[in-house]
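Working through the structure, step by step
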Amino acid sequence: EWTMAGFRAAKIEEIRQQVGSAKVICGLSGGVDSSVAAVLIHEAIGDQLTCVYVDHGLMRAGESEQVVSLFRNHYNIPLVHVNAETLFLNGLAGVTDPEAKRKFIGKTFIEVFEEEAKKIGGAQFLAQGTLYPDVIESVSFSGGPSVTIKSHHNVGGLPERMDLKLVEPLRELFKDEVRLLGKELGLTDAFVGRHPFPGPGLAIRIPGEVTKERCDILRKADAIYLEEIRNAGLYDAIWQAFAVLLPVRTVGVMGDHRTYDSVCGLRAVTSVDGMTADVYPFDAAFLSRVATRIVNEVQGINRVVYDYTSKPPGTIEWE
Ligand code: XMP
């Protein structure tokens, strides 16, 4: 009989066999997949594993702190936290094209990771939280034959360049199975149930130029939206929900004066695998509450709109 406990034990044995006494480095993204992979590998080989968290400064409010504290304090897994916010924001200055943003972030991510891996030194393996759908998607992404809608951000090419062998213990699993494995390994429901988050982070939720100021504005609006979703008990019914900050300013009125500020878009979808998605049908009172809070509490936003586009023809992210 197949059980998750059995899978865990078998994988631990397999990882030990594969790795022997060699050093392994693992790139953490803050997401569920790489975290579960890291915890599993740490259980197998202990401090032969070092995790590297390249923090591009494009994470949601409080997220980097949560990841760092989970690994260092809760699991006691060696973790290098690289704060590369300035490097990323400087490189993104003046960049408005969505593909150019994705390419810059992907390339810079690999460069920073590689530099850190060299500093650690002596690693022979690179661990990744690759899932079964990732294995298939690299063959045919977005359902279409050889049409790349968006270039995805991963560490492709890095293993060859650094002459590292791959450790990918989640390759046979689907997302829901990774969540179960995470729970088996002691991660909380709240952690393993987190919505997916794209590698390029908030940069692709800020159409137009990405600046520190706009990231901060978006983080505030996004945190309010997610807080209301959690309070309403809707978080687990939604595949992904997030705010976007538009490069459009509109006129509004606050008290007795005129405002001229940015528009915030809200997105929430249901989906099975991210390949297709339906709009989540919030009730009007919920959306009004979120809109009111965002306009009142976030300086720089004076209008909130809800995205009513399914995928296809829209995509989930805006860029
Ligand atoms: P789209 O916007 O293409 O997104 O409908 C489908 C799913 O993929 C996520 N996404 C990414 N995930 N790196 C990732 O790891 C990326 O570059 C990336 N771009 C989009 C998106 O959040 C959604 O869940």
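For clarity, every value in this text was computed on a predicted model and none was experimentally measured.

What follows is about the domain arrangement of the protein. Domain boundaries assigned for the protein yield domain 1 (4-192) and domain 2 (211-306). Taken together, the contact pairs 6 residues of domain 1 with 8 residues of domain 2. Its residues assigned to classes, the side of domain 1 that touches domain 2 comprises 4 nonpolar, 1 polar and 1 charged.

This brings us to helix 2 (residues 32-45). Compared with the 20 Å implied by 1.5 Å per residue over 14 residues, the 20 Å span of helix 2 between its first and last C-alpha is a close match. Burial analysis of helix 2 places 13 of its 14 residues in the buried class, which makes it a mostly covered element. G46 lies just past helix 2 and shows a positive phi near 55°.

A few words on the site of the ligand. Every one of the 14 residues lining the ligand counts as a neighbour, but P198, G199, T315, I316 and E317 are closest to it. Of the residues that constitute the shell around the ligand, the class distribution is 5 nonpolar, 6 polar and 3 charged.

With respect to topology, 5 strands assemble into an open sheet ordered 3-2-1-4-5, the strand pairing being parallel. Strands at the two margins of the open sheet, each flanked by one partner only, are strand 3 (79-83) and strand 5 (165-167). With direction set aside, neighbouring strand axes in the sheet form an average angle of 30°. Each of strand 1 (23-28), strand 2 (49-55), strand 4 (123-127) and strand 5 is contacted by helix 2, which is oriented at about 160° to strand 1, the strand it contacts most.

Taken as a whole, the protein shows an average pLDDT of 93; of its residues, 94% reach a score of 70 or greater. Low pLDDT (under 50) marks residues 140-146, which in the prediction has 5 contacts with non-local residues, meaning those over four places away or in another chain. Scored as a whole, the predicted complex attains pTM 0.92, and scored at its interfaces, ipTM 0.99.

The next subject is the environment of F286. Among the structural elements, F286 can be located in helix 11 (residues 284-297). Judged by the 14 C-beta atoms lying within 10 Å of it, F286 falls in the partly exposed class. Sequence separation of F286 and E228 is 58 residues, and the distance between their C-alpha atoms is 8.2 Å.

So, on to unusual backbone geometry. The step from K311 to P312 runs through a cis peptide bond, and the omega angle for that step is -15°. Its place among the elements puts P312 in the segment after strand 9 (301-306). Residue P313 follows P312 across a cis peptide bond; omega there is 10°. Relative to the helices and strands, P313 is located in the segment after strand 9. Phi is positive for N76, close to 60°, though the residue is something other than glycine. Following the sequence through the fold, N76 ends up in the loop between helix 3 (63-75) and strand 3. The exposure class of N76 is exposed, given the 11 C-beta atoms found within 10 Å. Not every positive phi belongs to a glycine, and D163 is a case in point at roughly 60°. Mapped onto the fold, D163 is located in the loop between helix 7 (158-162) and strand 5.

Look at the UniProt record and you will see "binding site: ATP" (unreviewed entry) annotated at S29, G30, G31, V32, D33, S34 and S35. Within the element layout of this structure, S34 appears in helix 2. Take S35: it is sitting in helix 2.

One ladder, built from 12 bridges, connects strand 6 (residues 240-254) with strand 7 (residues 257-270); its direction is antiparallel. Across the sheet, residue M254 finds its bridge partner in strand 7, namely H257. Following strand 6, the chain reverses through 2 residues before pairing antiparallel with strand 7; G255 in that reversal takes a positive phi of roughly 60°. With 5 bridges connecting them, strand 7 and strand 9 associate as parallel partners. Residue V263 lies in a different strand from strand 9, and its bridge partner there is R303. In the sheet, strand 7 pairs with strand 8 (residues 278-279) via 2 bridges, with the strands oriented antiparallel. Along strand 8, the bridge assignment pairs V269 with V279.

Conventions and cut-offs
- Residues numbered from 1 in each chain as written.
- Predicted model: local features only at pLDDT ≥ 70, side-chain atom pairs only at ≥ 80, totals over all residues.
- Domains from an automatic or database assignment.
- Contact = placed C-beta atoms within 7 Å.
- Nonpolar A, V, L, I, M, F, W, Y, C, P; charged D, E, K, R; others polar.
- Helix = DSSP H or I, 4+ residues; strand = E, 2+ residues; numbered from the N terminus.
- Expected span 1.5 Å × (residues − 1).
- Buried ≥ 20, exposed ≤ 12 C-beta atoms within 10 Å, placed from the backbone.
- Near = placed C-beta within 6 Å.
- Pairing = 2+ DSSP bridges.
- Axes fitted to C-alpha atoms, helices over the stretch in contact; angles between N-to-C directions.
- pLDDT = per-residue confidence, 0-100.
- UniProt positions renumbered as here; feature names shortened; annotations may be inferred.

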